[in-house]
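Observations on the model geometry
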Amino acid sequence: MAEKNLESKFETHLKDVTFKVLRYSGEGDSTKFEEYKVPVIGGMTVLEGLIYIKENLDNTLSWRASCRMGICGSCGMFINNFPMLACQTQIMDLNSDVIEIKPMPNYPIIKDLVPDLTKLIEKHKSIKPYILRNDNAPEEIEGEFYQGVEELERYEQFTFCIKCGICLAACPTVATAEEFTGPQALAQAYRYSVDTRDQGFDERKEVVDNPLGVFRCHFAGSCSEACPKGVDPALAIQLLKKAIVKDSLFGKKLVHDTKILPIKQENPKKKDNIPPAPPKSVE
Amino acid sequence: MVKNLLGIKGWIAAGRFSLQRYAYTLQRITGLGIITYLLMHLYVTGFKIKGKAAWNGIMETVHHPILHFFEFLLFVGVIFHALNGFRLILAEFGIGIGKPGRQVYPYTTSVDRQKGFFFFLMFLVLIIVLVGAADFYLLPK
Ligand code: HEM
Ligand code: SF4
Ligand code: FES
């Protein structure tokens, strides 16, 4: 019965691809590859292939995913020898009849393709990823911080980080120094420190200016090659090194003295050339 | 739980990354190679203070074709290390890796922006090594 249904479901069936998935039961330390034949339709992603396997072939297979649109950062996997988001990788783009999927390296495996990202999150937290002020706590400041477009562009691309952890899976330094702060957190340390609203450079410098911090990076650049969001952590890290060297050698701190604009309380005057809204078309 | 840390394998064969990643590994290997040579060099030149006979003796030992080849390898290593090190120094001062900006797909990264310079330097390494090889092996001494 299933056969017929499947055929109609996959009428744009392009080819069959073998998914070679690394399995781990969650206990002991033995892992093994298991193969599944997946019928591929146009536009199908690796994540959809995994969903096909779970629905039709083997419901014990585990992986992590949520948004299936490259936003939640759950589905980082090692696909055909490169760390990628499964939901953002189309099977046909891989140009291969066999797709080998392993959990992201440099993280402990919880089960099958599910890595333990605890360390990533701890490292991220350690650099204080929020606006720090040495005057008032941000919530006490009445008004808006002034920030120009150029000032925004100094850090904007680093805010695109979705904490998928792919960069740490790519990093050769993390591969041998598990405690290295890593590209994700270091890029965020820079992202907050150059933000003109922030005054926490000194506090973050304390966290990252040590042998396991920013200077452990030797610019292999793999994090930036692999990052699915164009964050370019390697760029942020080099700029952070530069900022710290400037501070340590020449006493030139990365400090910001942003103007705080008072919030206009009264309603802004309405321009008279704005036409009235059209009448409601539905109740 | 399986640890799944790549370890040294992450320096040598970690996937489909570009050559800049492997320059990281080579920089380390050549750096360690140069230090090893430095120690050997100090040991060998130390024979000078033991008198002429000792010096001549050790000179004879080191004039071995295999050691001569190692010397050539050292030369290749030093050239690579110096030029690649130059690139890293520039990059770590933020030179030639671009500025942060609004990212539009397909994204470009600091690694891409440096690629041209990297290949230029590797080409220079090749030229210098070829000239050196001629000097080591072809030109009459
Ligand atoms: C023109 C001369 C040289 C230049 C421009 C140079 C440049 C560099 C740079 C920039 C690094 C750091 C790379 C990084 O960020 O990972 C480095 C690493 C290193 N260098 Fe040199 N270097 C030179 C000569 C030497 C010499 C003579 C030695 C040995 C006595 C040496 C041994 C090392 C070692 C052991 C490392 C560490 C490699 C690592 O941890 O990955 N270098 N070199
Ligand atoms: S920097 Fe890129 S690769 Fe690293 S966690 Fe953020 S989005 Fe993922
Ligand atoms: S499922 Fe959310 S990023 Fe892939």
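Residues numbered from 1 in each chain as written. Chains lettered and ligands numbered in written order. Predicted model: local features only at pLDDT ≥ 70, side-chain atom pairs only at ≥ 80, totals over all residues. Heavy atoms only, no water.

Each helix and strand in chain A was counted, giving 10 helices and nine strands. Taken against the 2.2 N^0.38 rule, which gives 19 Å for 283 residues, the C-alpha radius of gyration of chain A at 24 Å runs more than 25% over that of a compact globule. The dimensions of chain A, computed from C-alpha atoms along their principal axes, are 70 × 65 × 30 Å. A burial count over chain A gives 50% of its 283 residues as buried. When contacts within chain A are restricted to residue pairs at least 6 apart in sequence, those whose partners lie at least 24 apart make up 66%. Carbon and sulfur atoms form 51% of the exposed surface of chain A, whose accessible area is close to 14800 Å². (Helix = DSSP H or I, 4+ residues; strand = E, 2+ residues; numbered from the N terminus. Rg over C-alpha atoms; globule rule 2.2 N^0.38 Å. Buried < 20%, exposed > 50% of the residue type's maximum accessible area, 1.4 Å probe, protein only. Contact = heavy atoms within 4.5 Å. Areas by Shrake-Rupley, 256 points an atom, 1.4 Å probe, with all protein chains shown as cover.)

Soluble, globular proteins show a tendency: their nonpolar side chains are buried together. Ranked by internal contacts, the top residues of the largest apolar core, which has 76 residues, are F19, L50, M77, I79 and I101 of chain A. Per element, the largest residue contribution to this core is eight residues, and it comes from helix α10 (residues 233–250) of chain A. Counting only domains with at least three residues in this core, you end up with domain 1 (2–115) and domain 2 (118–261) of chain A. Those residues in contact with I101 of chain A that sit more than four places away from it in its chain are F19, K20, V21, L22, F33, V46, L50, M77, F78, I79 and L113 of chain A. One finds I79, F80, L83 and V129 of chain B within the second-largest nonpolar core, a separate group that totals 11 residues. (Core = buried A, V, L, I, M, F, W, Y, C linked by side-chain atoms within 4.5 Å. Domains from an automatic or database assignment.)

Listed as interface residues are 39 residues of chain B and, on the opposing side, 56 residues of chain A. Where chain B meets chain A, there are four salt bridges. The shortest N-O distance in the salt bridge between K241 of chain A and E92 of chain B comes to 3.3 Å. At the junction of chain B and chain A, the tally comes to 21 residue pairs in polar contact (both at pLDDT 80 or more). The set of elements that each furnish at least two residues to the side of chain B that touches chain A consists of α1 (9–12), α2 (19–45), α4 (65–92) and α5 (110–138) of chain B. (Salt bridge = Lys/Arg side-chain N within 4 Å of Asp/Glu carboxyl O. Polar contact = N/O pair within 3.5 Å; in protein donor to acceptor, adjacent residues only side chain to side chain.)

Now for the pairing of strand β1 (residues 13–24) of chain A. Residue and element names in this part refer to chain A. The pairing of β1 with strand β2 (residues 31–41) spans 11 bridges and is classified as antiparallel. Counted as the bridge partner of T18 is K37 from β2. Counted along the chain from β1 to the antiparallel partner β2, the turn is six residues long, and its residue G26 has a positive phi close to 105°. In the sheet, β1 pairs with strand β5 (residues 98–103) via four bridges, with the strands oriented parallel. (Pairing = 2+ DSSP bridges.)

A word on the pattern of salt bridges. Residue and element names in this part refer to chain A. Tallying each qualifying case throughout the model produces 22 salt bridges over all chains. Ionic pairing is found between D195 and R197, a salt bridge with its closest N-O pair at 2.7 Å. A relative accessible area of 0% places D195 in the buried class. Note on R197: relative accessible area 25%, which makes it partly exposed. Between R204 and D198 there is a salt bridge, and its shortest N-O distance comes to 2.9 Å. Given the relative accessible area of 1%, R204 is considered buried. One connected set of salt bridges, linked through shared partners, spans R23, K32, E34, D58, K111 and D112.

To continue, consider the site of ligand 1. Taken together, 13 residues lie near ligand 1, and H218 of chain A together with R28, H81, G85 and E92 of chain B sit nearest. With respect to ligand 1, the chains having nearby residues are chains A and B. H218 of chain A places a side-chain nitrogen or oxygen 2.5 Å from an oxygen atom of ligand 1. Contacts to ligand 1 include H81 of chain B, whose side-chain N or O atom sits 2.8 Å from a nitrogen atom. Residue assignment for the shell around ligand 1 shows that the elements contributing at least two residues are α2 and α4 of chain B. (Near = heavy atom within 4 Å.)

Before going further, it helps to spend a moment on the site of ligand 2. The full set close to ligand 2 counts 13 residues, and C161, C164, G165, C167 and C227 of chain A are the nearest of them. When grouped by side-chain class, the residues that make up the shell around ligand 2 number nine nonpolar, two polar and two charged. (Nonpolar A, V, L, I, M, F, W, Y, C, P; charged D, E, K, R; others polar.)

All right, on to the domain arrangement of chain A then. Residue and element names in this part refer to chain A. For chain A, the assigned domains are domain 1 (2–115) and domain 2 (118–261). Here the C-alpha centre of domain 2 lies 33 Å away from the C-alpha centre of domain 1. With 14 residues of domain 1 at the contact, the number on the domain 2 side is 16 residues. Around 1100 Å² of area is buried between domain 1 and domain 2 when both sides are counted, 60% of it from carbon and sulfur atoms. Interface area lost by domain 1 to domain 2 is led by P83, N106 and Y107, which between them contribute 44%. Taken together, the links from domain 1 to domain 2 amount to zero salt bridges. Where domain 1 packs against domain 2, one counts four residue pairs in polar contact (both at pLDDT 80 or more). Element by element, the count of residues in the side of domain 1 that touches domain 2 is highest for strand β4 (residues 82–85), at four residues. Its residues placed into classes, the side of domain 1 that touches domain 2 shows nine nonpolar, five polar and no charged. (Buried area = accessible area lost by both parts, 1.4 Å probe.)

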